[in-house]
Amino acid sequence: MKLSVPIIVACCLAGGIWFGSILPTSHGMIGALWLTLCGLLVASWFGKARTHRILFIGSFLAGALLLQRQDVHLRAQAELLPHSDEGVTVRVRGQISSIPSVREKRESWQTTEGQKPLQTVFILQSQEIAGLSDDGNASGISVRPPRFRVIVDGNALSRAGWGDTVELTGKLLTVFPPSNPGEMNYENFLFRQRLSGILFVQHPYAMIPVDSLSWWNPRRRLNQARQEASRLISQHLSPQHRPLAEALLLGNRGFLQASSERQFILSGTLHLLAISGLHTGILFLFIRRVLHVLLVQHSHALILAAISCLLYALLTDLRPSVLRATVFLLLSTISQLTGRPMRTSNQIAVTVILLAVFDPALIFDTGAWLSFLAVSALACVDSARGARQTEQGVPIDAITWEEWFRERAGNAGLWLAYRYRQMLAVTLFSMPMVASQFHVISLSGVLINVLLIPLTAFTMVAGFLFLLSGLLLPWLAIPPAFVFGRLLQGLQSIVSFAAGFDAGAVTIADLPAWFCPTFYGILAFQILTRRPRRRYCLLTIQLVCVVIAFRLASAPPMHSGELHCTVLNVGHGNAAIVITPENHVILMDAGALNRGHRTSETIANCLWHLGYRMVDAVIVSHADADHYNALPGLLEMIPVGQLITTTEFIRSDAAPVQELLEDVKDRRIPVTIVASGDRMTLGETMITFFRADSALSQELNDNELSLLSVAEYRGHRIAFPGDLDGRGFEQVSPELPECDLLISPHHGSLNSNNSDTKRVFQPETVIVSSRNDATKAQLSRIFGERTRFLFTSVCGAVSIRITERPLGSEEFQGKSPGSVRVSGMR
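Residues numbered from 1 in each chain as written. Predicted model: local features only at pLDDT ≥ 70, side-chain atom pairs only at ≥ 80, totals over all residues. Heavy atoms only, no water.

### Description of the overall build of the protein
Inference 1: Scanning the protein from N- to C-terminus turns up 25 helices and 27 strands.
Inference 2: Out of the 826 residues belonging to the protein, those deemed buried represent 49%.
Inference 3: Counting only contacts in the protein whose residues sit at least 6 apart along the sequence, the fraction spanning at least 24 positions is 70%. (Helix = DSSP H or I, 4+ residues; strand = E, 2+ residues; numbered from the N terminus. Buried < 20%, exposed > 50% of the residue type's maximum accessible area, 1.4 Å probe, protein only. Contact = heavy atoms within 4.5 Å.)

### A closer look at the sheet that holds strand β24 (residues 788-791)
Inference 1: The strand order across the open sheet built from seven strands is β18-β19-β20-β21-β22-β23-β24, with neighbouring strands paired in mixed fashion. The open sheet has two edge strands with one neighbour each: β18 (679-682) and β24. Neighbouring strand axes in the sheet, compared pairwise and without regard to direction, differ in orientation by 15° on average.
Inference 2: Relative to strand β22 (residues 741-743), strand β21 (residues 716-720) runs parallel, the two being bridged by two bridges. Paired with Ala-719 across the bridge in β22 is Leu-742.
Inference 3: Contacts from helix α24 (residues 776-783) reach β22, β23 (765-768) and β24 within the one sheet, and its direction differs from that of β24 by about 155°. (Pairing = 2+ DSSP bridges. Axes fitted to C-alpha atoms, helices over the stretch in contact; angles between N-to-C directions.)

### Considering the pairing of β18
Inference 1: Taking every second residue as pointing to the same face, the buried face of β18 carries Met-680 and Leu-682, while none of Arg-679 and Thr-681 on the other face is buried.
Inference 2: Direction of pairing for β18 relative to strand β19 (residues 685-690): antiparallel, over a ladder of four bridges. By the bridge assignment for β19, Leu-682 is matched with Thr-685.
Inference 3: The hairpin turn running from β18 into β19, its antiparallel successor, is two residues long, and Gly-683 in that turn takes a positive phi close to 65°.

### Describing a nonpolar patch on the surface
Inference 1: Where nonpolar side chains cluster on the molecular surface, the patch consists of Leu-468, Leu-472, Leu-473, Trp-475 and Leu-476 and spans about 540 Å² of accessible area.
Inference 2: Structurally, Leu-472 is set in helix α14 (residues 444-472). (Patch = residues over 30% accessible without salt bridge, like charges linked within 9 Å, V, L, I, M, F, W, Y side chains within 5 Å. Areas by Shrake-Rupley, 256 points an atom, 1.4 Å probe, with all protein chains shown as cover. Salt bridge = Lys/Arg side-chain N within 4 Å of Asp/Glu carboxyl O.)

### Remarks on the packing of aromatic side chains
Inference 1: Enumeration according to the criterion identifies 13 aromatic pairs in this entry.
Inference 2: With a centroid separation of 5.6 Å and an interplanar angle of 80°, the aromatic rings of Phe-515 and Phe-550 are classed as edge-to-face. Taken together, the residues Phe-515 in helix α16 (residues 515-528) and Phe-550 in helix α17 (residues 532-554) connect sequence positions 35 residues apart.
Inference 3: In this structure Phe-550 comes out as buried when scored by relative accessible area, which is 11%.
Inference 4: Clustering of aromatic rings is evident, with ring pairs tying together Trp-514, Phe-515, Phe-519, Tyr-520 and Phe-550.
Inference 5: Looking at Arg-192, its charged tip hangs above the ring of Phe-364, at a distance of 4.8 Å from the centre.
Inference 6: The ring of Phe-482 is capped by Arg-486, whose NZ or CZ atom sits 5.0 Å from the centre of that ring. (Phe/Tyr/Trp six-rings, centres within 6.5 Å; stacked < 30°, edge-to-face > 60°. Lys NZ or Arg CZ within 6 Å of the ring centre and 35° of its normal.)

### Side note on the side chain of Ser-98
Inference 1: By the element assignment, Ser-98 lies in the loop between β1 (88-96) and β2 (101-104).
Inference 2: When its relative accessible area of 5% is taken as the criterion, Ser-98 is described as buried.

### Considering the environment of Leu-256
Inference 1: Structurally, Leu-256 can be placed in the loop between α6 (242-250) and α7 (258-266).
Inference 2: By relative accessible area, which is 3% here, Leu-256 ends up buried.

### Here's the deal with the side chain of Asp-589
Inference 1: Tracing the sequence through the fold places Asp-589 in strand β14 (residues 585-592).
Inference 2: For the buried residue Asp-589, which engages in no salt bridge, the nearest side chain bearing the opposite charge is Arg-691, 13 Å off.
Inference 3: For Asp-589, the side chain forms a polar contact with the main-chain nitrogen of Ser-621, separated by 2.8 Å.
Inference 4: Side-chain polar atoms of Asp-589 contact the side chain of His-627, separated by 2.9 Å.
Inference 5: Ignoring anything within four residues of it in the chain, the contact list for Asp-589 reads Asn-574, Ala-575, Ala-576, Ile-619, Val-620, Ser-621, His-627 and Gly-722. (Lys, Arg positive; Asp, Glu negative; His and termini not counted. Polar contact = N/O pair within 3.5 Å; in protein donor to acceptor, adjacent residues only side chain to side chain.)

### Regarding the pattern of salt bridges
Inference 1: Taken as a whole and assessed by the stated rule, the structure comprises 15 salt bridges.
Inference 2: Put simply, Asp-756 and Arg-759 hold a salt bridge, and the shortest N to O gap is 3.6 Å. With Asp-756 and Arg-759 both in helix α23 (residues 755-761), this residue pair falls three residues apart, about one helical turn.
Inference 3: Each of Arg-91, Arg-93 and Glu-167 takes part in a single network of salt bridges with overlapping partners.

### A word on the nonpolar core
Inference 1: In terms of nonpolar packing, the biggest core is built from 52 residues, with Ile-233, Leu-249, Phe-466 and Phe-484 touching the most fellow members.
Inference 2: Listing elements by their share of this core, those giving two or more residues are α5 (218-236), α6, α7, α8 (277-293), α9 (298-315), α10 (320-338), α14 and α15 (478-499).
Inference 3: By residue number, the principal contributor to this core is α14, which donates nine residues.
Inference 4: Those residues in contact with Phe-484 that lie beyond four places of it in its chain are Leu-237, Ala-245, Leu-249, Thr-459, Ala-462, Gly-463 and Phe-466.
Inference 5: Among the nonpolar cores identified, the runner-up in size contains 35 residues, and Ala-575, Ile-577, Ala-630 and Val-640 belong to it. (Core = buried A, V, L, I, M, F, W, Y, C linked by side-chain atoms within 4.5 Å.)

### Let's talk about the pairing of strand β12 (residues 563-567)
Inference 1: By the criterion of burial, β12 is predominantly enclosed, with four of the five residues buried.
Inference 2: With five bridges connecting them, β12 and strand β25 (residues 798-802) associate as antiparallel partners. Within β25, the residue paired with His-564 across the bridge is Arg-801.
Inference 3: Hairpin connection between β12 and strand β13 (residues 573-579): a loop of five residues separates the two successive antiparallel strands, and Gly-571 in this loop has a positive phi of roughly 80°.

### Some words on unusual backbone geometry
Inference 1: Even without being a glycine, His-747 presents a positive backbone phi close to 60°.
Inference 2: On the secondary structure map, His-747 appears in the loop between β22 and α23.
Inference 3: Here the phi dihedral of Gln-762 falls at roughly 50°; this positive angle occurs in a residue that is not glycine.
Inference 4: For Gln-762, the position within the fold is in the loop between α23 and β23.

### Observations regarding the confidence of the model for the protein
Detailed conclusions should not be drawn from predicted coordinates in areas where pLDDT is low.
Inference 1: Here the protein averages 83 in pLDDT, and 88% of its residues register 70 or above.
Inference 2: The lowest-confidence element of the protein is strand β27 (residues 820-824), averaging 34 in pLDDT; the highest-confidence one is strand β15 (residues 617-619), averaging 95.
Inference 3: Every residue in residues 133-142 is under pLDDT 50, and counting partners more than four places away or in other chains gives 15 contacts.
Inference 4: Predicted confidence for residues 389-397 stays below pLDDT 50, and this span has zero contacts to residues more than four positions away or in other chains. (pLDDT = per-residue confidence, 0-100.)

The structure is reproduced here in structure tokens:
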């Protein structure tokens, strides 16, 4: 394959953007890049023979310059904003710069009506922030007011729309340091989206409309069309079909349950939920075919189809994947209209250039890369197919039905083989990035995606007809809505069936850092080289790298001879991971107040980061939500060997507890009920359980009946008391041993952490898993100066290591990622 100028320019531009991200961000760096770029332009004027070389170097420098300029402005905006871990209450006036969408609030239990509370989400381009400097000047440059992601509790669609000016009062959060191993750097994620923070608004009436767009403004019309489309979906489709319909047609996954989304991941069909080239391509081809039947001129049909795709992209809020697909289709349309065919590789390259110039941070977007990789894979297959095709003979005048059937059957076989080659290529190209992002390798996706191609096409066409007819005349939407609903049901059934195969997907831990760059580097050389022998050699090297990387990611770490205990920072809640020297993984509680889903992701990411992909046992202390509400989400991501808990937890009449137990039963996870004095031996590690007499369960509350676990290894003990306090603690205290480390009962509550707690445990270190360190001074007076306190809200996750040497601890310093302080405990 010969490299064209657009491909080399796109690669140089992307490389320059990456290079700009590792350079120090400063005005001096921008000036140096400008001077170098201007020098190259002058050189190109006098040295025409080196024009291409200078163009490539200039593209590299331009990429670095674009990112540096964006980063300087974003950092200057950040300097203007107040910073606080707890957030700052502000009043902001600004213009809504995206179409607001509604989603269900995942971090809450269902209401009595069976519905979850709603949230409204949009992007706000601020104009004025109360209490901040109005000069708009920081570090000597003029700074554009920052953009915020706004989350409003409740349905606020009736208050304002895209392009309207509003005034909001809420809590602004701008600090998002990673505080747990394996946790995503959300601060950097927002930074790359050109966002300076998140503004939380507690009620729709805290958003006051200031100025609205005129009725003829296109943005207002698109906003109304989006809201009307959402209303049509809600009105004509059942509650079971609405979440999938909104995801497929509008790109809004806010109503999709985590379990349903996980099914798409396991079945390898998650791309159906992201508005991308598949959706816009189906729309483009459908409109082309309809206009062809209506005998519309070819050029006019191309223009109308392209305009329709552009409007649809605006309707779905121009997400990166749909933006990439739309630009690609527009380039294809222009090349056909001008009669100058453009190779697919050049279309991809020009698309990268245009999008990177518009937003350099798009180079770091995983979704955009997956989209480009999928198109590149299809282009490679099409190129190989075109090279093998030969001119077919002239068909005979008449054939029999039998001959016609044989011809169609033969073509169907060729079509199926071609589609499977396409799907295999897409899977090969995207597998490393999907595995590193979702920690899943879907084998069933290779098989069912080909079968889903026609079903997805019919489903999307029915959905487009449903929306179009409903937006024109609401009563016309009833017939296509019925067809659309049935097709959605069939699509969901196939995805659920494929996700149900245990062998259809493999869960892995984090891949080695070297794997993705190595894999895609070798893949690029394979595509570019023309020599078959060299291709086979590169393919062999690539397969060896794949085997080594996935072996490292699927096998547990080597025997360390240490007991590890990591207490995660989950806010007001409990989640501690105990790993024995024999690689047994025990999870002590799993929950957080109003953060169950997020906590399940925190636990799973930590396990994957440590190199583990399953949990041998989960120990649940009692039936408070902040100790177990992460388990439903965790069971979707991580296999669990058994659940260990108490009789009171099993008999709890709380609906979430019973739903969790039903889920455990459906997954055939054994449940073990322990009594006081029971022990579990895992090699050299022994876990002993203590709890109050179950005969007093009617007299004691949940906290007093909490299960207390003590992990012992080589003479060191760690106590996990849950929320144990009051009469329950008094009853078991004579049996409790002294412990080196205590996980503070009831999240540092003064009622549970008293002089009796100190007298019984005599801990040298106390770890407090709570939202803040407000009780630090009081706890220090109770336990004395010799007891060290570690608050997860301050120091992040805390890891304890027990070896033959003195006990040691590590604090995950989220505010300065990568820095770790180690101190001895004995």
